[in-house]
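Architecture at a glance
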Amino acid sequence: MAIDGSTTLYSRQTSISLLASIEAAMANVLFFFVAFVVLLFLHPHVQGSRLSLTHVDSVAQLTSAERFRRAARRSHSRRQAFEGKWSSPSTVVAAVDYAGDFEYVIDFGIGSPVLPATAILDTGSDLIWTQCVPCLDCLSQPSPYYDPSKSYTFSPVPCSSPFCSNRSLTDIGCGGDRCLYLASYGDGTESTGFLGTETFIFGDGSSIAGVTFGCGFQNNGSLSNSTGIVGMGRGPLSLPSQLNPRKFSYCLTPLDSSAASHLFLGSTASLEGNRGTLIGSTPLISSPHTYFSTFYYLSLLGISLGGTRLPIPESVFQLKRDGSGGTIIDSGTFLTLLNQAGYDILREEIIKQVRKPAAELPEVIQDLGIDLCFSFHGASSLPPMPELVFHFEGADMRFPRDKYMAYVDELGLLCSVIVGTQSFSFSIFGNYQQQDMHILFDLEANVLSFVPANCNQL
């Protein structure tokens, strides 16, 4: 009996001890599970996403010539906005102020429950914002206005937040302990509202929680029938700056293609699938001027055409100590805008190597800021042209004829998609030359990598 009693007592003690161990283990599991969930949902920077990019003119029934003219006209307007921006850069920035006139939009969901949104993608600005209820003054959009009061994942950003203390991003102040902002763009578009955090859901099923964004209740200008803007610049409020890893890539399909372009965020942004093709990499450099710090500057050293290195001094494309000059890559600008001194040399060399006089330009082309075309009206085919090479620090980017010349069939003109900047000093590498090229922006390594790709099949 004693044996049985001691065995029973031992078994009971063992059971209690085992139960305590199980409870402790379960508590540890529960603790780590809760910690994981908290990290997953409250710390958004852990995911990757693949999105489709839609060109702003893709839904319209336009000819290829009409698409070209509309895109070139937006570039011309964007150039004028940049001219105004550089002519009077403020040393104390009172608002987010960027060029306006955009090229691509993305579809995503926002909040819980999810509300569909369609926003303009812009590598030339930082702030993410959407139109919000209560709309004191809002632009028309294809979906209902986002109402933060109906989303259980929305939280306002308090005035104590570092985002709110950055006066170059928000300089209006606080209202009801909410951090207010003003975003203005060169095309006249403006948004006033408050900062908050929210969950963003993308078409591939991925989501990012805790994204800091602007809730705009007073907006005017033009949003191209979208709900807001997604800033993809280098500042702390941009979407890529809120990812982990802080990188993104895109692959733009040709202008006349019916296929969507692609955007990859975070861990999905990679060029590894392009094996067998040489990947080029060049440093992303920073502007010494705070006003231009959002832009992605590249170190363009020179240009070759048909194997001939053009006599353009490196200083022409060099970023200066006062923030002037330099070369930026921009998804929102269609044409490539070269510093006028460098462009004049390139233009002269193109005419020389083509061995054909430049055509007299109709007013419809001159109005786009394009000043170099060749007439091939009635020709059965276009002639070959020399390869163009941009020499960046550490890598060369090569362009066949159709990546720097565009045929406007209605006019029988083969026109350069590279134009001069005229009155401002920095250059812009536009999206026409980026088509069918997979381009990766790594904000942590400060490197831009690129590789030729068939973006229709990516």
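Numbering of residues begins from 1 in every chain and follows the order in which that chain's sequence is written. Only residues with pLDDT of at least 70 are given local features in this predicted model, and only at 80 or more are side-chain atom pairs given and counted; all residues enter the totals for whole chains, interfaces and linings. Side-chain measures were taken over the full set of non-hydrogen atoms in the model, leaving aside hydrogen atoms and water.

Turning our eyes to something else, we now look at the overall build of the chain. Scanning the chain from N- to C-terminus turns up 5 helices and 28 strands. Counting over 458 residues, the chain shows a buried share of 53%. Sequence-distant contacts in the chain: of pairs separated by 6 or more residues, those separated by 24 or more amount to 70%. Of the roughly 19800 Å² that the chain leaves accessible, carbon and sulfur atoms contribute 55%. Helix numbers and strand numbers start at the N terminus; a helix is a DSSP run of H or I with at least 4 residues, a strand a run of E with at least 2. Relative accessibility decides the category of a residue: with a 1.4 Å probe and only protein chains considered, values under 20% of the type maximum give buried, values over 50% give exposed, and everything between is partly exposed. Should any heavy atoms of two residues lie within 4.5 Å, those residues are considered in contact. Each accessible area is a Shrake-Rupley result for a 1.4 Å probe, and residues are judged covered by the shown protein chains and nothing else.

For the rest of this paragraph, the subject is the sheet that holds strand S17 (residues 308-309). Overall, antiparallel pairing links the 4 strands, which are arranged S17-S16-S21-S22 in an open sheet. The open sheet terminates on both sides in strands that have one partner only, identified here as S17 and strand S22 (395-399). Two strands form a pair only when DSSP identifies at least two bridges running between them. Sheet topology note: the strand S16 (residues 300-305)/strand S21 (residues 388-392) ladder contains 5 bridges and is antiparallel. Within S21, the residue paired with Gly-302 across the bridge is His-391. Strand contacts of helix H4 (residues 340-354): S16, S17 and S21, with the helix running at about 15° to S16, the strand carrying the most contacts. Every axis in this analysis is a line fitted to C-alpha atoms, fitted for helices over the stretch in contact. Angles between the N-to-C directions lie between 0 and 180 degrees.

So, about the nonpolar core. What makes a nonpolar core is a set of buried Ala, Val, Leu, Ile, Met, Phe, Trp, Tyr and Cys residues whose side-chain atoms join them at distances within 4.5 Å. Ranked by internal contacts, the top residues of the largest apolar core, which has 99 residues, are Leu-263, Ile-370 and Phe-390. Among the elements that line this core, the one with the most residues is strand S10 (residues 207-220), at 5 residues. If sequence neighbours within four positions are ignored, Phe-390 has contacts with Leu-300, Gly-302, Ile-303, Thr-336, Ala-395, Asp-396, Met-397, Phe-399, Ile-418, Phe-429 and Gln-433. Residues Val-56, Val-105, Ile-120 and Ala-183 belong to the second largest nonpolar core, which totals 17 residues.

Okay, the state of the cysteines next. The disulfide definition used here is simple: a pair of cysteine sulfur atoms within 2.5 Å. Under the criterion given, the structure shown has 5 disulfides. Each sulfur of the disulfide joining Cys-135 and Cys-138 lies 2.1 Å from the other. An S-S torsion of about -80° defines the bridge between Cys-135 and Cys-138 as left-handed. Taking relative accessible area as the criterion, Cys-135 reaches 29% and is therefore assigned partly exposed. Disulfide pairing is shown between Cys-373 and Cys-415; the S-S distance is 2.0 Å. In this structure, the disulfide formed by Cys-373 and Cys-415 twists by about 105° around the S-S bond and is classed as right-handed. With Cys-373 in strand S20 (residues 373-375) and Cys-415 in strand S24 (residues 413-416), this pair connects stretches of sequence that are 42 residues apart. Comparing Cys-373 with Cys-415 shows no difference in burial state: the two are buried.

Here the focus is the side chain of Gln-131. Here Gln-131 shows up in strand S5 (residues 128-131). Under the relative-accessibility criterion, Gln-131 is labelled buried at 0%. Think of a polar contact as two N or O atoms within 3.5 Å of one another; within protein, one of them needs to be a possible hydrogen donor and the other a possible acceptor, and neighboring residues in sequence only count if both atoms come from side chains. From its side chain, Gln-131 meets the backbone nitrogen of Leu-139 in a polar contact 2.7 Å long. Side-chain polar atoms of Gln-131 contact the side chain of Gln-141, separated by 2.8 Å. Beyond its immediate sequence surroundings of up to four residues, Gln-131 is in contact with Cys-138, Leu-139, Gln-141, Tyr-145, Tyr-146, Gly-216, Asn-219, Leu-223, Ser-226 and Thr-227.

All right, on to the environment of Leu-388 then. Within the fold, Leu-388 resides in strand S21. Distance in space between the C-alpha atoms of Leu-388 and Tyr-404 is 7.7 Å, their sequence separation being 16 residues.

So, about the environment of Ile-201. Structurally, the position occupied by Ile-201 is in strand S9 (residues 190-201). In sequence terms Ile-201 and Gly-109 are 92 residues apart; their C-alpha atoms lie 4.7 Å from each other.

With that settled, consider unusual backbone geometry. With an omega of 5°, the peptide bond between Val-133 and Pro-134 qualifies as cis. You can see Pro-134 is positioned in the loop between S5 and strand S6 (155-156). Backbone geometry places Arg-355, a non-glycine residue, at a positive phi of 60°. With respect to the element layout, Arg-355 can be found in the loop between H4 and helix H5 (363-366). Here Asp-436, not a glycine, exhibits a phi torsion of approximately 55°, which is positive.

Looking now at the side chain of His-55. With respect to the secondary-structure elements, His-55 resides in strand S1 (residues 49-55). Engagement of the side chain of His-55 in a polar contact is seen with the side chain of Glu-103, the distance being 3.1 Å. Each residue touching His-55, except ones within four places of it in the same chain, is listed here: Arg-74, Glu-103, Tyr-104 and Leu-255.

With respect to topology, 3 strands assemble into an open sheet ordered S20-S24-S23, the strand pairing being antiparallel. If you trace the sheet from one side to the other, it starts and ends with S20 and strand S23 (405-408), each paired once. Here the average twist between neighbouring strands, direction ignored, is 25°. Looking at chain direction, S23 and S24 are connected through 4 bridges and run antiparallel.

Let's shift gears to the pattern of salt bridges. Each reported salt bridge corresponds to a side-chain nitrogen of Lys or Arg within 4 Å of a carboxyl oxygen of Asp or Glu. Under the criterion given, the structure shown has 8 salt bridges. Put simply, Glu-410 and Arg-69 hold a salt bridge, and the shortest N to O gap is 3.7 Å. In this pair, Glu-410 sits in the loop between S23 and S24 while Arg-69 sits in helix H2 (residues 64-87), placing the two residues 341 residues apart along the sequence. Residue class for Glu-410 comes out partly exposed when judged on its relative accessible area of 42%. We note a salt bridge from Glu-387 to Arg-398, for which the minimum N-O separation is 3.1 Å. Of this pair, Glu-387 sits in the loop between S20 and S21 while Arg-398 sits in strand S22, and the two are 11 residues apart along the sequence. Salt bridges linked by common partners bring Asp-57, Arg-70, Arg-74 and Glu-103 together as one network.

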